[in-house]
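# Structural characterization, general
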Amino acid sequence: MAAAPRKIEIDAWRNLVFPNEIRKFRKQRNIGSLLELAEQIPDLTYIRLSKIERGEVFARTAELRAIAAALHVAPADLLIDIDKPAFDIGNWAEPIVGSDHVDPESDRIAVLIAAAVRARRAADDALTISVLEEEYGIAPVILSRIENAHKPFDRWNDDVRKALRRLLGAKDDSALIAEVAALHADGKLDDMLPLVANPRSRIAKTRARIAALRKELAATEDSATDTGADTASPRPAAPPTPRTVSAGSREPLETAVLEGPVPVLDAATPAVLPAAEAPAPASKGHSTTVRLVPVYGSALPDGLLARTPTDALVEAPRGAGPRTYGLRIGRSTLGPGLPGRAILVVDPDRFPSAGGLAVIEQDEGLRVIAITFDRQGQTLGFSLNPDIEVALDAVDPGRVASVLSAIFE
């Protein structure tokens, strides 16, 4: 008799690896928005801080110290002992993810597909990440989300589902679901299932990293004590005020790049517009080229923006795509998440990811939205003023652009 296939374990909290106390102390200090806290930590971008507070990424020791200094607490107080009986990841996550419930069947299918793709790659050394991108059209960031079951299969767009059908040899979506179910029944996914959505793996990783952070913090404090140095984290200095320049200026600008899990463009990609080149100040005989891009933007009703040319230029971050431009916003459509006076640097050649900002092209104009996932893995974009939610998976990717940086005026 054949052995029973491995039971599918689904970790509903698999994206939350770093539960912490940042939000609790932020609320206690009456810091109403994360942006307000980010303004006090100039060396930490808003997007990075958001991911840390939400538990989506682990903080580094230096980052913990900077956050703790801004909150006037000890860095170790921001860490949570996940092994305490009173700790419950669901209760901790409630203010972050809300009360949405995962559809168990959709989650099960996503996990089986993740395991099947991993097994397919493990069985064929030729299926490298670059081959999957070039021949199947599955970008690395998409592959990572597929292999970690971050999104239900039916939430993927037609191109991704078509690529998965081709990769797994299925003629349609129903056949693909039947195929991965059969692979599971035959025990062919047993080696891969523990690598996907396994709560023990997440808990072990979280426990180990938090323990390492405690050790690193303690070692730093011991070292400072031995040398007589002040162990308190310094209050961060106020960030420099970014500037805009007129079209005739050659001054470089300072920008705060918004971090996010997006692939960096190949170094060979043209990234300089000849008409907007400006030499940066030389240093020790070296010189660099600053790329300036045009700024557009004028207000339309309902929180929309028109792509109206202005006389300003802004600096594009290194590696920005050839179609990058600046977009001036004049109102706080995202509420406290983004000030009403800012210039966004927008790259139409990059697709946004959760925790970042995006600009979508609608028939009536451009709309700035914040990006998140719901508990079922659907990519959502939203604004607060007006209160609008967009199912981003249903939007033509050609009409969606990623925000690379923000310059606050």
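Values in this document were obtained by computation on a predicted structure and should not be read as measured data. Residue indices begin from 1 for each chain and proceed along its sequence in written order. For this predicted model, a pLDDT threshold of at least 70 governs which residues receive local features, and a threshold of 80 or more governs which side-chain atom pairs are given and counted, while totals over whole chains, interfaces and linings are taken from all residues. Values reported for side chains reflect all heavy atoms of the structure, with hydrogen atoms and water molecules removed beforehand.

### Describing unusual backbone geometry
Look at Asn30: it is not a glycine, yet its phi comes out positive at around 60 degrees. Within the element layout of this structure, Asn30 appears in the loop between α1 (22–28) and α2 (34–38). Look at Asp302: it is not a glycine, yet its phi comes out positive at around 65 degrees. Only DSSP runs of H or I covering at least 4 residues are called helices, and only runs of E covering at least 2 are called strands; the numbering of each starts at the N terminus. Following the sequence through the fold, Asp302 ends up in the loop between β4 (289–299) and β5 (305–315).

### Considering the packing of aromatic side chains
Each aromatic ring pair is characterised by the separation of its centres together with the angle its planes make. Here a Phe, Tyr or Trp ring, Trp counted by its six-membered ring, pairs with any other such ring whose centre lies within 6.5 Å, and the pair is stacked when the planes are under 30 degrees apart, edge-to-face when over 60, and tilted otherwise. Counted by the stated rule, this structure contains two aromatic pairs. Taking 5.8 Å as the distance between ring centres and 55 degrees as the angle between the ring planes, the aromatic pair formed by Phe18 and Phe58 counts as tilted. One end of the pair, Phe18, is in the segment before α1; the other, Phe58, is in the loop between α3 (46–53) and α4 (61–71), and 40 residues separate them in sequence. Both residues of the pair, Phe18 and Phe58, belong to the buried class. Here the aromatic rings of Tyr296 and Tyr325 are separated by 5.9 Å at their centres, their planes lie at 75 degrees, and the arrangement is edge-to-face. Of this pair, Tyr296 sits in strand β4 while Tyr325 sits in strand β6 (residues 325–329); the two residues are 29 residues apart in sequence, bridging distant segments of the chain. The pair Tyr296 / Tyr325 is uniform in exposure class, with both members buried. Charge-over-ring placement is defined geometrically: NZ (Lys) or CZ (Arg) within 6 Å of the ring centre, and within 35 degrees of the ring normal. We note Lys24 situated over the ring of Phe25; from NZ or CZ to the ring centre the distance is 4.7 Å. In this structure, Lys151 packs its charged tip against the face of Trp156, placed 4.3 Å from the ring centre. Under the scheme applied here, a residue whose accessible area is under 20% of the maximum for its type counts as buried, over 50% as exposed, and between as partly exposed, the area being computed with a 1.4 Å probe on protein chains only.

### Quick look at empty space enclosed by the protein
The definitions used throughout rest on a 1 Å grid laid over the protein atoms alone, on which a cavity is an enclosed set of points accommodating a 1.4 Å probe that cannot get out and a pocket is an open set flanked by protein within 12 Å on both sides along at least five of seven lines; lining residues are those having an atom within 4 Å of a point. Grid points are joined across faces, edges and corners, and a volume is the space filled by probe spheres set on the points. Applying the stated rule across the entire model yields two cavities of 30 Å³ or more. The volume enclosed by the largest cavity comes to roughly 50 Å³. Lining the largest cavity are Ala110, Ile113, Arg145, Ile146, Ala149, Lys151, Phe153, Trp156 and Leu164. Breaking the lining of the largest cavity down by element, the ones donating at least two residues are α6 (104–123) and α8 (140–147). Charged residues are taken to be Asp, Glu, Lys and Arg, nonpolar residues to be Ala, Val, Leu, Ile, Met, Phe, Trp, Tyr, Cys and Pro, and polar residues to be all remaining types, Gly included. Residue classes in the lining of the largest cavity are distributed as seven nonpolar, no polar and two charged.

### Quick notes on helix α10 (residues 173–185)
The terminal C-alpha atoms of α10, which comprises 13 residues, lie 18 Å apart, in line with the 18 Å expected from a rise of 1.5 Å per residue. When α10 is considered as a whole, its buried residues turn out to be Leu176, Val180, Leu183 and His184. The arc enclosing the buried residues of α10, seen along the axis, measures out at 100 degrees, which places them on a common side. Against the buried residues of α10 lie α6 and α9 (158–168). For α10, the side-chain oxygen to backbone nitrogen distance between the N-cap and Ser174 is 3.3 Å, and the N-cap itself is Asp172. Looking one or two places after α10, you find Gly187, whose phi comes out positive at around 80 degrees. To estimate how far a helix should extend, the number of its residues minus one is multiplied by 1.5 Å. An arc is given here, and it is the one of the directions from the helix axis to the C-beta atoms. Any pair of residues with heavy atoms lying within 4.5 Å of one another is described as a contacting pair. Any pair of nitrogen or oxygen atoms within 3.5 Å is treated as a polar contact; in protein, a donor-acceptor pairing is required on top of that, and neighbouring residues in sequence qualify only through side-chain atoms on both sides.

### Here we look at the side chain of Glu63
If you trace the backbone, Glu63 turns up in helix α4. Reaching out from Glu63, the side chain makes a polar contact with the side chain of Arg60 at a distance of 2.7 Å.

### Notes on the packing of α9 against α10
Inter-axis angles, ranging from 0 to 180 degrees, are taken between N-to-C directions of lines fitted to C-alpha atoms, where helices are fitted over the stretch in contact. Packing of α9 against α10 brings their axes to within 10 Å, and their N-to-C directions diverge by 50 degrees. On the basis of their axis angle, the class for α9 and α10 is oblique. α9 and α10 meet at a crossing whose hand is left-handed. Taken together, the residues of α10 that come into contact with α9 (itself represented by Arg161, Leu164, Arg165 and Leu168) are Asp173, Leu176, Glu179 and Val180. Across the contact of α9 with α10, the residue classes break down as four nonpolar, no polar and four charged. For classification purposes, an angle smaller than 35 degrees is called roughly parallel, one larger than 145 roughly antiparallel, one from 65 to 115 roughly perpendicular, and anything else oblique. Crossing handedness is read from the near helix: turned anticlockwise from the far helix by less than a right angle, it gives a left-handed crossing, and turned clockwise, a right-handed one.

### Concerning α4
Burial analysis of α4 places nine of its eleven residues in the buried class, which makes it a mostly covered element. Residues of α4 that are buried include every one of Thr61, Glu63, Leu64, Arg65, Ile67, Ala68, Ala69, Ala70 and Leu71, and no others. Residue His72 follows α4 closely and has a positive phi angle near 60 degrees.

### Overview of the pattern of salt bridges
A side-chain nitrogen of Lys or Arg and a carboxyl oxygen of Asp or Glu constitute a salt bridge if their distance falls within 4 Å. Taken as a whole and judged by the stated rule, the model has 20 salt bridges. Among the salt bridges present, the one from Lys24 reaches Glu21, with a minimum N-O distance of 3.7 Å. Owing to a relative accessible area of 38%, Lys24 belongs among the partly exposed residues under this scheme. Each of Asp158, Arg161, Arg165 and Asp173 takes part in salt bridges that share partners, so that together they form one network.

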